[in-house]
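Structural overview
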Amino acid sequence: MTDDCKPTQLGNGCCIWLNEKGQLGEIECIYPKSFKAEISTYFHLDEWIYGTPSFEISSIDDDVVIEQIEDGYIIWLSSKSNVDLEVSQGGISYLLSGNKLSGIVAKKSEIIE
């Protein structure tokens, strides 16, 4: 993250920092709601693109929820969305519904409690 990233509160202890291009600098969740599903709601889409997306934060309708998956976790920004595009960059994937960011997948990571 650089000094040009601006924070935006997401609700229930979460904040996202975006640079002037709308690219993710950092996301931080302090005591978020979390769950470990028996069967994950996340599945790797058949079609995805590799790249760095840009975002604009307009509003967050739901509380942010963290879902633990086998080799990492998902930060769900919207629990009521159908993911139709996944943009991957290294170990991070951005889950998009329509043109809105609905989740961020971090692989080979762990939740620090």
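This text follows the structure it describes.
Presented here is a report on the structure given in the accompanying data block. (Residues numbered from 1 in each chain as written. Predicted model: local features only at pLDDT ≥ 70, side-chain atom pairs only at ≥ 80, totals over all residues. Heavy atoms only, no water.)

**Regarding the pairing of strand β10 (residues 100–107)**
The following threshold applies: Relative accessible area decides the class of each residue, using a 1.4 Å probe on protein chains only: under 20% of the type maximum gives buried, over 50% gives exposed, and in between gives partly exposed. Under the scheme used here, helices are H or I runs from DSSP no shorter than 4 residues and strands are E runs no shorter than 2 residues, and both carry numbers assigned from the N terminus. Paired strands are those between which DSSP finds at least two bridges.
The element β10 is extensively covered by neighbouring structure, given that six of its eight residues are classed as buried. Where strand β7 (residues 72–76) meets β10, five bridges bridge the pair, whose relative direction is antiparallel. Bridging from a neighbouring strand, I74 pairs with V105 of β10.

**Examining the nonpolar core**
The nonpolar side chains of soluble globular proteins are, as a tendency, buried together. Convention followed: The term nonpolar core refers to a set of buried residues drawn from Ala, Val, Leu, Ile, Met, Phe, Trp, Tyr and Cys, joined through side-chain atoms within 4.5 Å. The contact criterion used throughout is that any non-hydrogen atoms of two residues lie within 4.5 Å.
L10, F55, V64, I75, L77, Y94 and L101 are the most contacted members of the largest nonpolar core, which has 16 residues in total. Put simply, the parts of the chain that give this core at least two residues each are β2 (14–18), β7, β9 (92–97) and β10. Filtering out sequence-adjacent residues up to four positions away, L101 remains in contact with F55, L77, Y94, L95 and L96. Among the nonpolar cores identified, the runner-up in size contains five residues, and I74, W76, L95 and V105 belong to it.

**A short note on the sheet that holds strand β1 (residues 6–11)**
Condition: Lines are fitted to the C-alpha atoms to define the axes, a helix being fitted only along its stretch in contact, and any angle between axes, read from their N-to-C directions, falls within 0 to 180 degrees.
Pairing is antiparallel across the open sheet formed by three strands, whose spatial order is β1-β2-β3. In this open sheet, the two edge strands, each paired with only one partner strand, are β1 and β3 (24–29). Each strand axis lies, on average, 20° off the axis of its neighbour in the sheet, ignoring direction. Summarising the sheet, β1 and β2 pair through five bridges and their orientation is antiparallel. Bridging from a neighbouring strand, T8 pairs with I16 of β2.

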